[in-house]
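Here's the letter readout for the chains.
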Amino acid sequence: MALISCCFDSGFELPELFDTFVQKCTDPGFSIMWGCCGCCSALRPRYKRLVDNIFPVNPEDGLVKSNMEKLTFYSLSSPDKLDRIGEYLYQKASKDINRKRYRFVEIAMEAMDILLQACHAQTTLNLFVESFLRMVQKLLEDSNPTLQILATNSFVKFANINEDTPSYHRRYDFFISKFSSMCHGNNDNTELRDNIRLAGIKGLQGVIRKTVSDDLVENIWEKQHMEKIVPSLLFNMQSGDLTPVEDATQVTPPALAEEVLRELVGRASFGHIRSVLKPLLTHLDRHELWVPNTFAIHTFRIVMISIQPQYSYTVVETLMQHLDNNFKSSPKTRTSLAVVLSKIIAIAAGESVGPSALDIINNLLTHLKTSVGTTTEITPEESQYQEALINALGEFANHHPDYQKIEIMLFIMNTVPDLTKKSKGDQMLQNILLKSLLKVGTQYNTVSFEKAFPASFLQPLLKMARAPHDPTRIIVMKIFQALLDRHQNEKVLSTVSVKPYAALSQEPPSRSDIIFTHKYGANIMQALIDSMALSDKVDSLTSSYNTAALLLVEMACGETVQEFLLFILGIQQVAVTAEDLSELHKCCLHAIAIALLTLAARVTGITNLLEYAQTIIEARKEDAGHFLPSIMEPNKKPSTTKFNLNLPHLSIDKIALAECLQNAGMDFNRLQSGVPYTLNQKDNPSHRHSWVESVSNQMTQRNSSTDLTTYNGDNDSISSSPGVAKASISNSKALAPEYTVDAMKRYLAEPSEAMKKEMQEKQKQIVRAFRESNFEELMKRTEPKHDVLQNRLNDLFSSLALDNKAMQNVNNNNNQDKPIYETYFPELFYY
């Protein structure tokens, strides 16, 4: 009666009462408790009986394997029953959870996993999956950590199954939220906390794998999902307070989170990269992880290594935009951002070419300009920020081929403010941009000077070499040194000296370099002379000397030595003729000239030239020590004593140099007929001269056969030059091209020194007027000349017309015979 009453005590109607009776009688717990021997089990469906049989009497015995095999076989034989089996297992597990019978719950979950693995190829698996996910969710909702871990492991197994049939209605919102919360577990038990976090990370990994490969399910890249997944992974990656695991093979939450982040970034397409990067940047901002930036650098390196190479440019672009958004942040934060950018930009450099490369360069330059423009004074923190940007630019350029580095340097040069802008801000910007240019130049591997110095890059660089600001010129000289120094001689030649340089490395210049020297060498040397004449500061002069010495070591040979000797004479001429230079400045120029002459003699191996230089050095040691490089020692204080500069017998003599080349069996015509380089002479020998300067040169040639701007050392230095005897005067005269009546007339017609100076001043005024005057003034100055020229042309054309008419009359007059020379030659042209 008790058994019957237990089945009928609910007061249900007959159909419902029958179902309750069967359910209670077939329940394992009820059967055990009341001794029911399964009298009603035959009334149960077969799939329910098979499910009931997998549960043991004692839950500690675990799943009944033999019965589980029967259930699996039945599921494979009757796939249409899978959804009912899943639903029934879910109902039994839910009851067991409510009754805290967790061991039976584990058995039910295990059965679910076995059925899922065995029947994953069935077309009706989707219906079973719904029950499976409901059970996983039910376990995750419970507060028992064991059930949560168990459910997560089951979900991961499910995520690794490739489904053949798509699912249109499946959603994973709950799982993303739950797994993310598990990643932030803070249980007091360290081991349990790590296990929960590991389960959460594995769950997120499962969600990623399951959703990324299936386009029909929920879009995992949406903002609401990425804002949960990415911070959860970063939180575990930055957890440095976790107790280190003794077993090195055991997976830790930081290591697993890093692996999942790599997988997430690696699976992202071009349109989804920003969905990952935005929550990443937000997490770093909120938790103030930019300073120090060790974790940020580590994270972005993971992103750059894991991302598909063709998308790496997007990461750099996004980080630059974030830097834009933080322009009002502290300098330390911006510096850390720039350092992170410099660490990862090299990885993106290999995949960015053409416009994308110049776009990155332009963005970096824009940040530099903004930094200079928003601050009146550069603080140490702001300077560090600028250096970080420059380093990022250098790192980016370093991973490009050399031809692109030249394009980058030219692009930077075109952004440098004009030299006419002399404000403090413009000078600061000039220096910053030139430092960027220098950073790229140090990464360039020079092979051919023709490729390293294209005309479009060389000309503005030479213009910057004449900048009035000392720091600007020094940076320009460093740029030249970086591009000229092919044999690592820059440090060796960093001091001005007449002594032999130790460990000087050189090789003969190639034919291409010789052609480049003939084509552009004069431009570079003229710019160096102008640079040396602008300041008497030792560091500025030393940097110019270092550039000139590198130019000489790399390009000097028998074919180009005359150009360098004219350059050395030009430096000396500035020291002698320039009136606005200080005495110390002139002494330094004399010292640089003799140091370069000694270096040229050693580089080219011309013994006579070296002996001549040594003779001058010995004479200066006795009478004029201030003409030697010792005056340019960095630690030497400027002397207040007067220097004796009127020492022509201690100067380098042009004719003596020509004689040294002649005695060495080398060509000396260029040195003999050429003129030393002078100040502000900006002609480009590879192009046609300016018409203004051509006019001034023609005026000079009309009045004298010599160059008025040339220092004439023939008057008083031949007989007194060390090492050149008076008897050599006759030899020097033999150097003249010819002694004819016309030549003697030209010598006698040479103007005096006063006339020379007056004519030089007139020429300078003419050139200055045509360079500085506006167009209207030039029109007024040239109108009379145009009228005279037009009148002269009219007269010439009229005379030609009359001559033609006269010739026609002569031809028509056949009766009058004339000599042949009178017929074909006018009276003017025969004697």
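Just so it is clear, the model here is predicted, and its values are computed rather than measured. (Residues numbered from 1 in each chain as written. Predicted model: local features only at pLDDT ≥ 70, side-chain atom pairs only at ≥ 80, totals over all residues. Heavy atoms only, no water.)

Q: Looking at this structure, how should I read the overall build of the protein chain?
A: Within the protein chain, the regular secondary structure consists of 37 helices and zero strands. Counting over 831 residues, the protein chain shows a buried share of 48%. Excluding contacts between residues fewer than 6 apart, the proportion of contacts in the protein chain whose partners are at least 24 apart in sequence is 73%. For the protein chain, the accessible area works out to roughly 42,200 Å², and carbon and sulfur atoms hold 52% of it. (Helix = DSSP H or I, 4+ residues; strand = E, 2+ residues; numbered from the N terminus. Buried < 20%, exposed > 50% of the residue type's maximum accessible area, 1.4 Å probe, protein only. Contact = heavy atoms within 4.5 Å. Areas by Shrake-Rupley, 256 points an atom, 1.4 Å probe, with all protein chains shown as cover.)

Q: Got a minute to help me understand the packing of helix H10 (residues 173-183) against helix H12 (residues 223-237) in this structure?
A: Helix packing geometry: the angle between the two helix axes and the distance between the axes. Orientation of H10 relative to H12, taken along the N-to-C sense of each, is 20°, at an axis distance of 9 Å. As far as their axial angle goes, H12 and H10 are roughly parallel. The chirality of how H10 crosses H12 is left-handed. Across from Asp173, Ile176, Ser177, Ser180 and Cys183 in H10, the residues of H12 making contact are His225, Lys228, Ile229, Ser232, Phe235 and Asn236. Split by residue class, the contact of H10 with H12 holds four nonpolar, five polar and two charged. (Axes fitted to C-alpha atoms, helices over the stretch in contact; angles between N-to-C directions. Parallel < 35°, antiparallel > 145°, perpendicular 65-115°, else oblique. Left-handed = near helix turned anticlockwise from the far one by under 90°. Nonpolar A, V, L, I, M, F, W, Y, C, P; charged D, E, K, R; others polar.)

Q: Would you mind showing me how to read the environment of Asp580 here?
A: Looking at the element boundaries, Asp580 is found in the loop between helix H27 (561-577) and helix H28 (583-604). In sequence terms Asp580 and Ala533 are 47 residues apart; their C-alpha atoms lie 9.4 Å from each other.

Q: Looking at this structure, I do not really get the confidence of the model for the protein chain. What am I missing?
A: The pLDDT averaged across the protein chain works out to 79; a share of 76% of its residues lies at or above 70. Here residues 1-22 scores under 50 on pLDDT; set against residues more than four positions off or in separate chains, the count is 19 contacts. A low-confidence stretch, residues 241-248 stays under pLDDT 50, and its non-local contacts, those more than four residues away or across chains, total eight contacts. (pLDDT = per-residue confidence, 0-100.)

Q: How should the packing of helix H4 (residues 46-53) against helix H5 (residues 65-77) be read in this particular structure?
A: At a closest axis distance of 8 Å, the pairing of H4 and H5 adopts a crossing angle of 150°. Taken as axis vectors, H4 and H5 run roughly antiparallel relative to one another. Pair H4 / H5 crosses with left-handed handedness. Together, Arg46, Tyr47, Leu50, Val51 and Asn53 of H4 and Asn67, Lys70, Leu71 and Tyr74 of H5 make up the contact between the two elements. Its residues placed into classes, the contact of H4 with H5 shows five nonpolar, two polar and two charged.

Q: Where do I start with unusual backbone geometry in this structure?
A: Following Val291, the chain continues into Pro292 via a peptide bond in cis, with omega recorded as -5°. Within the element layout of this structure, Pro292 appears in the loop between helix H14 (273-286) and helix H15 (294-306). We note that Glu288 has phi near 50°; this positive angle belongs to a residue other than glycine. Tracing the backbone through its elements, the reader meets Glu288 in the loop between H14 and H15. With a phi close to 55°, Ala503 is a non-glycine residue in the positive phi region. Mapped onto the fold, Ala503 is located in the loop between helix H24 (470-484) and helix H25 (511-532). Given the relative accessible area of 68%, Ala503 is considered exposed.

Q: Looking at this structure, how should I read the packing of aromatic side chains?
A: The relation between two aromatic rings is expressed through the spacing of the ring centres and the mutual angle of the planes. For the structure shown, the criterion picks out 17 aromatic pairs. Centre to centre, the rings of Phe155 and Phe175 are 5.0 Å apart; their planes meet at 20°, and the pair counts as stacked. Note that Phe155 is positioned in helix H9 (residues 145-159) and Phe175 in helix H10, a separation of 20 residues in sequence. Here the guanidinium or amino end of Lys92 rests over the ring plane of Phe55, the centre of that ring lying 5.0 Å away. Here Lys210 stacks its cationic end above the ring of Phe158, 4.5 Å away from the centre of that ring. (Phe/Tyr/Trp six-rings, centres within 6.5 Å; stacked < 30°, edge-to-face > 60°. Lys NZ or Arg CZ within 6 Å of the ring centre and 35° of its normal.)

Q: Looking at this structure, I do not really get the side chain of Thr472. What am I missing?
A: Mapped onto the fold, Thr472 is located in helix H24. Excluding residues within four positions of it along the chain, Thr472 makes contact with Gln430, Asn431, Leu434, Met464 and Ala467.

Q: Teacher, can you tell me more about the side chain of Asp52 here?
A: Mapped onto the elements of the fold, Asp52 is located in helix H4. A relative accessible area of 9% means that Asp52 is categorised as buried. A distance of 2.7 Å separates the side chain of Asp52 from the side chain of Tyr88, its partner in a polar contact. At 3.4 Å, the side chain of Asp52 and the side chain of Lys92 are in polar contact. (Polar contact = N/O pair within 3.5 Å; in protein donor to acceptor, adjacent residues only side chain to side chain.)

Q: Would you take a moment to explain the pattern of salt bridges for this structure?
A: A side chain of one charge can pair with a side chain of the opposite charge if their charged atoms are brought near each other. Tallied over the entire structure, the rule returns 24 salt bridges. For Arg511, the salt bridge goes to Glu559, with nearest N and O atoms at 2.7 Å. Taken together, the residues span a long stretch of sequence, with Arg511 in helix H25 and Glu559 in the loop between helix H26 (538-555) and H27 at a distance of 48 residues. Judged by relative accessible area, which is 51%, Arg511 ranks as exposed. When its relative accessible area of 43% is taken as the criterion, Glu559 is described as partly exposed. It is possible to trace a salt-bridge network through shared partners that takes in Arg209, Glu263 and Arg267. (Salt bridge = Lys/Arg side-chain N within 4 Å of Asp/Glu carboxyl O.)

Q: In this structure, what is going on with a nonpolar patch on the surface? I would like to understand it.
A: A cluster of nonpolar side chains, Leu793, Leu796, Phe797 and Leu800, forms an exposed patch at the surface whose accessible area comes to about 350 Å². As for its placement among the helices and strands, Leu793 is situated in helix H36 (residues 775-812). Under the relative-accessibility criterion, Leu793 is labelled partly exposed at 32%. (Patch = residues over 30% accessible without salt bridge, like charges linked within 9 Å, V, L, I, M, F, W, Y side chains within 5 Å.)

Q: Before we go on, may I ask you to explain the nonpolar core in this structure?
A: Note on soluble globular proteins: their nonpolar side chains tend to be buried together. By size, the foremost hydrophobic cluster in this structure holds 221 residues, and its most contacted members are Leu89, Phe300, Phe453, Phe567, Leu597 and Ile652. The biggest single contributor to this core is H28, with 14 residues. Residues contacting Ile652, with those up to four places away along its chain left out, are Ile568, Leu569, Gln572, Ala593, Ile594, Leu597, Tyr612, Ile616, Arg620 and Leu657. (Core = buried A, V, L, I, M, F, W, Y, C linked by side-chain atoms within 4.5 Å.)

Q: Looking at this model, I keep getting lost on the state of the cysteines. Mind explaining?
A: Inspection of every chain in the model, using the stated rule, returns zero disulfides. With no disulfide of its own, Cys587 lies 6.9 Å from the sulfur of Cys588, the closest cysteine sulfur. (Disulfide = S-S within 2.5 Å.)

Q: Mind showing me how you'd approach the environment of Tyr677 here?
A: Along the polypeptide, Tyr677 turns up in the loop between helix H31 (669-673) and helix H32 (691-703). Considering only alpha carbons, one finds Tyr677 and Gly570, 107 residues apart in sequence, at a separation of 4.5 Å. Discounting chain neighbours no more than four positions away, the residues touching Tyr677 are Ala522, Met525, Gln526, Ile529, Glu563, Leu566, Phe567 and Gly570. At a separation of 2.5 Å, a polar atom in the side chain of Tyr677 contacts the side chain of Glu563.

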